[in-house]
Amino acid sequence: GQYIAVQALFARAAMLLRPGDQLIMCDEVMPGGPEAGESLHSLVQLKSVAAGHGFALRQENDQSARAVPTVALMLEATGRYRDDLRQLLEVSEEQINALDESNKKYQSKYASGKYGYVSLCFSFAGAQAE
């Protein structure tokens, strides 16, 4: 979801679904409102846009605790396979360092609650009148 504009996502889903259908999605989000400079969807905004397109939130599950260990695994993997990454894939030391720094920022943002990962189930009531 984070690479698709929220308005476009729900507008297209509303065109494809019939009343009573469900839309299930998983997305890495910012649990609060939108923030300048952040590429993740705001969960608050996502829910609001969904409602505006005729979708009612039926279930929300926070999957953050399951997502967090994957970042630690990436950091462990870049440490363990650093030489292989450089030699076999021709990845530069600078690229590996940049990936590690990015993953450390993700860890910090998850730890502070700024980032999260959710699964959402919406039911579609029908397209809203313009």
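**Q** An account of the overall build of the protein chain is requested, with residue identities and associated values reported.
**A** When helices and strands are tallied, the protein chain shows 5 helices and 4 strands. Ordered by position from N to C terminus, the α and β elements of the protein chain give α-β-β-α-β-α-α-α-β. Computed over C-alpha atoms, the radius of gyration of the protein chain comes to 18 Å, more than 25% over the 14 Å expected from 2.2 N^0.38 for 130 residues, which places it beyond the range of a compact globule. Considering only C-alpha atoms, the protein chain reaches an extent of 55 × 30 × 25 Å along its principal axes. Counting all 130 residues of the protein chain, 34% fall into the buried class. If you take every contact in the protein chain between residues at least 6 apart in sequence, the share linking residues at least 24 apart comes to 74%. By element, 53% of the accessible surface of the protein chain is carried by carbon and sulfur atoms, the whole surface being about 8100 Å².

**Q** Explain the sheet that holds strand β2 (residues 41-42) residue by residue, including any values.
**A** An order of β2-β1-β4-β3 is seen for the 4 strands of this open sheet, with the pairing classed as mixed. Of all strands in the sheet, those bounded by a partner on one side alone are β2 and β3 (55-62). As judged from the 7 bridges shared by β3 and strand β4 (residues 116-124), these two strands associate in the antiparallel manner. Of the residues in β4, the one forming a bridge with F55 is F124.

**Q** Give me the pairing of strand β1 (residues 22-30): which residues, what numbers.
**A** In terms of strand pairing, β1 meets β4 through 8 bridges, oriented antiparallel. The residue bridging E28 from the neighbouring strand is Y117, located in β4. Sheet analysis places β1 next to β2, joined by 2 bridges and oriented parallel. Following the sheet pairing, M30 is matched in β2 by S42.

**Q** Outline the pattern of salt bridges, supporting the account with residue identities and numerical values.
**A** According to the stated counting rule, one finds 10 salt bridges in the structure shown. The salt bridge involving E60 is made with K47; its shortest N-O contact spans 2.7 Å. Here E60, found in strand β3, pairs with K47, found in helix α2 (residues 43-52); they are 13 residues apart in sequence, far enough to count as distant. The exposure class of E60 is partly exposed, given its relative accessible area of 35%. We classify K47 as partly exposed; its relative accessible area is 29%. Bridged by salt links that share partners, the residues R82, D83, R86, E93 and D100 form one connected network.

**Q** Before we move on, could you go through the packing of helix α3 (residues 64-80) against helix α5 (residues 93-111) and cite the residues and values that matter?
**A** Angle between the axes and distance between the axes: these two values describe a pair of packed helices. With their axes 10 Å apart at the nearest point, α3 and α5 run at an angle of 155° to one another. Considered as vectors, α3 and α5 are oriented roughly antiparallel to each other. Viewed along their axes, α3 and α5 form a crossing whose handedness is left-handed. On α5, the residues touching S64, A67, V68, V71, A72, M74, L75 and T78 of α3 are I96, L99, D100, N103, K104, Y106, Q107 and Y110. Looking at the contact of α3 with α5, its residues break down into 10 nonpolar, 4 polar and 2 charged.

Rules and cut-offs
Residues numbered from 1 in each chain as written. Predicted model: local features only at pLDDT ≥ 70, side-chain atom pairs only at ≥ 80, totals over all residues. Heavy atoms only, no water. Helix = DSSP H or I, 4+ residues; strand = E, 2+ residues; numbered from the N terminus. Rg over C-alpha atoms; globule rule 2.2 N^0.38 Å. Buried < 20%, exposed > 50% of the residue type's maximum accessible area, 1.4 Å probe, protein only. Contact = heavy atoms within 4.5 Å. Areas by Shrake-Rupley, 256 points an atom, 1.4 Å probe, with all protein chains shown as cover. Pairing = 2+ DSSP bridges. Salt bridge = Lys/Arg side-chain N within 4 Å of Asp/Glu carboxyl O. Axes fitted to C-alpha atoms, helices over the stretch in contact; angles between N-to-C directions. Parallel < 35°, antiparallel > 145°, perpendicular 65-115°, else oblique. Left-handed = near helix turned anticlockwise from the far one by under 90°. Nonpolar A, V, L, I, M, F, W, Y, C, P; charged D, E, K, R; others polar.

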